[in-house]
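Below, each chain spelled out in residue letters.
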Amino acid sequence: EAAAEAQQTRHWRVNAALRHKAGEPTQIDLSARDAANLPLSGLEISVSLTHPTDRRLDRLVAMQAEGMGRFRGTVTPASGQWDLVIELARGGKRLFRSKERVVLR
């Protein structure tokens, strides 16, 4: 609970956009900005698509820095429901975590 409260007080805005076409890799674009709308930097980023019912299908997404608080990665999951999990850390300490259900068709 303390970690969730600390995350709320930072007022970071982390947005992800997924582009998916059946049979092609899914592209994930991520932007991370602080409360003053400045790009976040110096963070360790972990992005994964986790399957709600079969952990063997989980996919870690290798994200590449695109500069100015922007990151991009690709992954090849099956169509269906997934949880998009984003974690941001600095010095091994997690500062942000979000989990959102997404549907890939």
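Going by the structure above, here's the rest.
Below is a short write-up of the structure. What you are looking at is a predicted structure, and each value in this text was computed from that prediction instead of being measured.

**With respect to the sheet that holds strand S2 (residues 26–33)**
In step 1: Across the sheet, 4 strands lie side by side as S1-S2-S6-S5; this open sheet has antiparallel pairing. In this open sheet, the two edge strands, each paired with only one partner strand, are strand S1 (13–19) and strand S5 (63–67). Recorded for the sheet is a direction-independent mean angle of 20° between the axes of neighbouring strands.
In step 2: Direction of pairing for S5 relative to strand S6 (residues 70–75): antiparallel, over a ladder of 4 bridges. Across the sheet, alanine 65 pairs through a bridge with phenylalanine 71, a residue of S6.

**Considering the sheet that holds strand S3 (residues 44–50)**
In step 1: Here we have 4 strands laid out as an open sheet, ordered S4-S3-S7-S8, and antiparallel in their pairing. Unpaired on one side and paired on the other, strand S4 (59–61) and strand S8 (93–104) mark the two borders of the sheet. Across the sheet, the mean angle from the axis of one strand to that of its neighbour is 20°, orientation sign disregarded.
In step 2: In this sheet, strand S7 (residues 80–90) lies alongside S3 in antiparallel orientation, the contact comprising 7 bridges. Paired with serine 46 across the strands is glutamate 87, a residue of S7.

**Side note on the nonpolar core**
In step 1: Grouped together as the largest cluster of nonpolar side chains are 21 residues, with contacts concentrated most on Val47, Ile86 and Leu88.
In step 2: Contributions of two or more residues to this core are made by S2, S3, S6, S7 and S8.

**Some thoughts on the pattern of salt bridges**
It is possible for side chains bearing opposite charge to pair when their charged atoms get close.
In step 1: Tallied over the entire structure, the rule returns 8 salt bridges.
In step 2: Of the charged contacts in the structure, one is a salt bridge between arginine 72 and aspartate 29, with a shortest N-O distance of 2.5 Å. Within this pair, whereas arginine 72 is found in strand S6, its partner aspartate 29 is found in strand S2, the two being separated by 43 residues in sequence.
In step 3: A relative accessible area of 34% places arginine 72 in the partly exposed class.
In step 4: Here glutamate 87 ties to arginine 97 by a salt bridge, and the two come within 3.0 Å at their closest N and O atoms. Here glutamate 87 is found in strand S7, whereas its partner arginine 97 is found in strand S8, with 10 residues between them in sequence.
In step 5: Linked through salt bridges whose partners overlap, the residues forming this network are Arg19, Asp29 and Arg72.

Each value, and the rule that gives it
- Residues numbered from 1 in each chain as written.
- Predicted model: local features only at pLDDT ≥ 70, side-chain atom pairs only at ≥ 80, totals over all residues.
- Heavy atoms only, no water.
- Pairing = 2+ DSSP bridges.
- Helix = DSSP H or I, 4+ residues; strand = E, 2+ residues; numbered from the N terminus.
- Axes fitted to C-alpha atoms, helices over the stretch in contact; angles between N-to-C directions.
- Core = buried A, V, L, I, M, F, W, Y, C linked by side-chain atoms within 4.5 Å.
- Buried < 20%, exposed > 50% of the residue type's maximum accessible area, 1.4 Å probe, protein only.
- Salt bridge = Lys/Arg side-chain N within 4 Å of Asp/Glu carboxyl O.

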